[in-house]
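Given next are the chains, with one letter for each unit.
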Amino acid sequence: MTGAERTPPLDAIEALTTRVSPAGLVPPAPDASALDRMFRAAVRAPDHGRLRPWRFIVVDGAARETLGDVLTDALRVRDPNVADAALAKERAKPLRAPLVVVVAAKIRDHRGVPPVEQIVAAGAAAQNILVAAHALGYGGFWRTGAAAYDEQVKRALGLAVEDAIVGFIYLGTPSVASSPLPPADPAPYVTHWTGPASTET
Ligand SMILES: Cc1cc2nc3c(=O)[nH]c(=O)nc-3n(C[C@H](O)[C@H](O)[C@H](O)COP(=O)(O)O)c2cc1C
């Protein structure tokens with residue numbers, strides 16, 4: 001049974017307000033049709049200048065073990081004295097889910113669209129993937145860590161060193177039903193601006 005068959009897709013607001021990082025992800029991974037829908041959602045992310053900076057590198061099956069080797073080799077270079085336990089943990093990371101999408105921003109030198117905006121656009125695409133996965137009955141979580149900024153890892157993934165890995169998006173089926181959502185009250189973060197702040201102290 002695929003995620004898409006499990007339940008009808010959630011409506012947009014419900015998907016946005018109930019998305020959560022599942023505690024664990026197991027097979028099945030999103031099938032080809034679900035992945036296609038997720039990527040179609042991803043490329044609808046806002047994108048200054050229509051630069052299409054996003055790249056989606058799918059790593060599944062045995063390729064996850066190869067990615068684990070890449071992460072381990074890179075960690076060994078970053079920290080030659082790293083403990084075996086840390087290496088083993090690094091090697092196992094891509095196996096935390098049946099499928100990983102590395103979301104990257106291919107950074108272009110553009111006068112009107114600085115790199116930060118290209119990275120933000122790729123980040124919005126990553127978020128669209130997570131929300132679409134949730135809406136379709138799958139689950140996903142976003143990870144970065146030092147590997148995301150590692151030149152050796154970027155090269156192994158076919159990226160240039162000036163490109164940005166914005167996230168390793170782990171995708172699969174939540175292993176357990178999510179516990180109640182943590183409170184998400186927007187009130188502390190919302191203000192209504194009516195004019196310049198006073199500069200008086
Ligand atoms: C750019 C980015 C990078 C992240 N990297 C990590 C990470 O490396 N490790 C981690 O535990 N959480 C990371 N997170 C946070 C989790 O993906 C997750 O959002 C957080 O644990 C809150 O859980 P929730 O998604 O269920 O609200 C990252 C989030 C973002 C946006």
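Quick caveat, the model's predicted, so the values are computed rather than measured.

What exactly am I supposed to notice about the overall build of the protein chain here?
When its secondary structure is counted, the protein chain shows seven helices and five strands. With the principal axes as the frame, the protein chain shows a C-alpha extent of 55 × 45 × 35 Å. Counting over 201 residues, the protein chain shows a buried share of 33%. Considering only contacts in the protein chain between residues 6 or more positions apart, those separated by 24 or more positions represent 82%.

How should I be thinking about the pairing of strand 5 (residues 164-174) in this particular structure?
Consecutive side chains along a regular strand alternate between the two faces of the sheet. Of all 11 residues in strand 5, 11 are buried, a share of seventy percent or more. Summarising the sheet, strand 1 (residues 25-26) and strand 5 pair through two bridges and their orientation is antiparallel. Looking across to strand 5, one finds that V26 is bridged to T173. Pairing between strand 3 (residues 99-105) and strand 5: seven bridges, direction antiparallel. What sits directly across from V103, in strand 5, is G167. Bridge count between strand 4 (residues 139-143) and strand 5: five bridges; the pairing is antiparallel. Note that in strand 5 the partner of W142 across the bridge is I169.

When you look at the site of the ligand in this model, what are you seeing that I'm missing?
The local shell around the ligand consists of V20, S21, F141, W142, R143, T144, G145 and G167. Residue contributions to the shell around the ligand peak at three residues, all from strand 4. Taken together, the residues of the shell around the ligand break down into three nonpolar, four polar and one charged.

Looking at this model, I keep getting lost on the packing of helix 4 (residues 63-78) against helix 5 (residues 84-92). Mind explaining?
Two numbers describe a pair of packed helices, the interaxial angle and the distance between the axes. Where helix 4 contacts helix 5, the two axes come as close as 7 Å, and the packing angle between them is 145 degrees. In the packing of helix 4 onto helix 5, the handedness of the crossing is right-handed. Every residue of helix 5 that contacts helix 4 at G68, D69, L71, T72, L75 and R76 is listed here: L87, E90, R91 and A92. Split by residue class, the contact of helix 4 with helix 5 holds four nonpolar, two polar and four charged.

Would you take a moment to explain the nonpolar core for this structure?
Most often, soluble globular proteins have nonpolar side chains that are buried together. Formed by 46 residues in total, the largest nonpolar core has its most connected members in V100, V103, A104, A122, I129, I169 and L171. Contributing elements (two or more residues each) for this core: helix 3 (32-42), strand 2 (54-60), helix 4, strand 3, helix 6 (115-135) and strand 5. Considering every element that reaches this core, the biggest residue donor is helix 6, with 10 residues.

Criteria and thresholds
Counting from 1, residues in each chain are numbered in the order their sequence is written. Per-residue local features are limited, in this predicted model, to residues with pLDDT of at least 70; the limit for side-chain atom pairs, both in listing and counting, is 80 or more; totals at the level of whole chains, interfaces and linings are taken over all residues. Runs of E in the DSSP output that reach at least two residues are strands. Runs of H or I that reach at least four are helices, and both are numbered from the N terminus. Counts of 20 or more other C-beta atoms within 10 Å of a residue's own C-beta define buried residues, counts of 12 or fewer define exposed ones, and intermediate counts define partly exposed ones; C-beta atoms are placed from the backbone. Note on contacts: residues are paired as contacts if their backbone-placed C-beta atoms lie within 7 Å. Only strands that DSSP links by at least two bridges are regarded as paired with each other. To decide whether a residue is near a molecule or strand, its C-beta atom is placed from the backbone and checked for lying within 6 Å of it. Think of it as three bins: nonpolar holds Ala, Val, Leu, Ile, Met, Phe, Trp, Tyr, Cys and Pro, charged holds Asp, Glu, Lys and Arg, and polar takes everything else, Gly as well. Throughout, an axis means a line fitted to C-alpha atoms (over the contacting stretch in the case of helices), and angles, computed between N-to-C directions, take values from 0 to 180 degrees. Two helices that cross are described as forming a left-handed crossing if the nearer one is turned anticlockwise from the farther one by less than a right angle, and a right-handed crossing if clockwise. For our purposes the nonpolar core covers buried Ala, Val, Leu, Ile, Met, Phe, Trp, Tyr and Cys residues that link as a set through C-beta atoms within 7 Å.

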